[in-house]
Amino acid sequence: MTQLQRAIADRTGESPRTIRRLGFGIHTDVNISPEPDDPRLVVDCPFCGRAVPYPGRAGDGSPILAECVNPRCDVYFDFVAADVYLQHS
Ligand SMILES: [Zn+2]
């Protein structure tokens, strides 16, 4: 009977035997990924290097200026399609 099992028995009201049988323990091998992978299209700001959201294209297919919201930049900038890439959050 470990301290953890005793604590769980206290908390759940189950008998220590049940807790031991169920085999509660601390998992050390669980790989917890906080968020599902959510890739997004971004383009790097040429001034600060920060990845900013890809703004898409205008109705006529011409690129729209990307916007860097970094307070130090706060600019719109031109970019080429080759600069756009997928960023995994
Ligand atoms: Zn910037």
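Each remark here, short or long, concerns the structure printed above.
Because the structure is predicted, anything quoted here is derived from the model rather than measured. (Residues numbered from 1 in each chain as written. Predicted model: local features only at pLDDT ≥ 70, side-chain atom pairs only at ≥ 80, totals over all residues. Heavy atoms only, no water.)

A. Geometry of the overall build of the chain. Counting its regular elements, the chain contains 2 helices and 5 strands. Sequence-ordered secondary structure for the chain, helices as α and strands as β, is α-α-β-β-β-β-β. The contacts of the chain with a sequence gap of at least 6 include a subset with a gap of at least 24, amounting to 37%. Accessible area for the chain stands at about 7000 Å²; split by element, carbon and sulfur atoms hold 52% of it. (Helix = DSSP H or I, 4+ residues; strand = E, 2+ residues; numbered from the N terminus. Contact = heavy atoms within 4.5 Å. Areas by Shrake-Rupley, 256 points an atom, 1.4 Å probe, with all protein chains shown as cover.)

B. Fine view of the nonpolar core. Grouped together as the largest cluster of nonpolar side chains are 9 residues: Val 43, Cys 45, Val 52, Ala 66, Cys 68, Cys 73, Phe 77, Phe 79 and Val 84. Beyond its immediate chain neighbours, meaning those up to four positions away, Phe 79 contacts Val 43, Tyr 54, Pro 55, Ile 64, Leu 65, Ala 66 and Val 84. (Core = buried A, V, L, I, M, F, W, Y, C linked by side-chain atoms within 4.5 Å. Buried < 20%, exposed > 50% of the residue type's maximum accessible area, 1.4 Å probe, protein only.)

C. Molecular detail of the coordination of the zinc ion. In this structure, Cys 45 (SG), Cys 48 (SG), Cys 68 (SG) and Cys 73 (SG) serve as the protein donors to the zinc ion, at separations of 2.2 to 2.4 Å. Geometry at the zinc ion is tetrahedral, judged from the 4 donor atoms that bind it and their angles of 103 to 115 degrees at the metal. Positions of the donor residues of the zinc ion, expressed as sequence spacing, correspond to C-x2-C-x19-C-x4-C. With Cys 48 in the loop between strand E1 (40-44) and strand E2 (51-53) and Cys 73 in the loop between strand E3 (66-68) and strand E4 (75-77), the pair connects residues that are 25 residues apart, well separated along the chain. (Donors = N, O, S within 2.8 Å, 3.2 Å for Na, K, Ca; no water. Tetrahedral: all angles 85-135°; square planar, octahedral: opposite > 155°, others 65-115°.)

D. Here's a closer look at helix H1 (residues 3-12). Every buried residue of H1 is accounted for by Gln 5, Ile 8 and Ala 9. The buried residues of H1 all sit within an arc of 100 degrees when viewed along its axis, so they share a single face. For H1, exposure combined with an orientation more than 90 degrees from the buried face picks out Gln 3, Asp 10 and Arg 11. Check the buried side of H1 and you find it contacts helix H2 (16-22). Just downstream of H1, Gly 13 is the residue with a positive phi angle, here 80 degrees. (Arc of directions from axis to C-beta.)

E. Looking closely at the sheet that holds E1. Strand order in the open sheet formed by 3 strands is E2-E1-E5, with antiparallel pairing between adjacent strands. Of all the strands in the sheet, just E2 and strand E5 (84-87) have a single pairing partner and so form its edges. The average angle at which neighbouring strand axes cross in this sheet is 50 degrees, direction not considered. Where E1 and E2 come together, 3 bridges link them in antiparallel fashion. Across the sheet, residue Val 42 finds its bridge partner in E2, namely Pro 53. (Pairing = 2+ DSSP bridges. Axes fitted to C-alpha atoms, helices over the stretch in contact; angles between N-to-C directions.)

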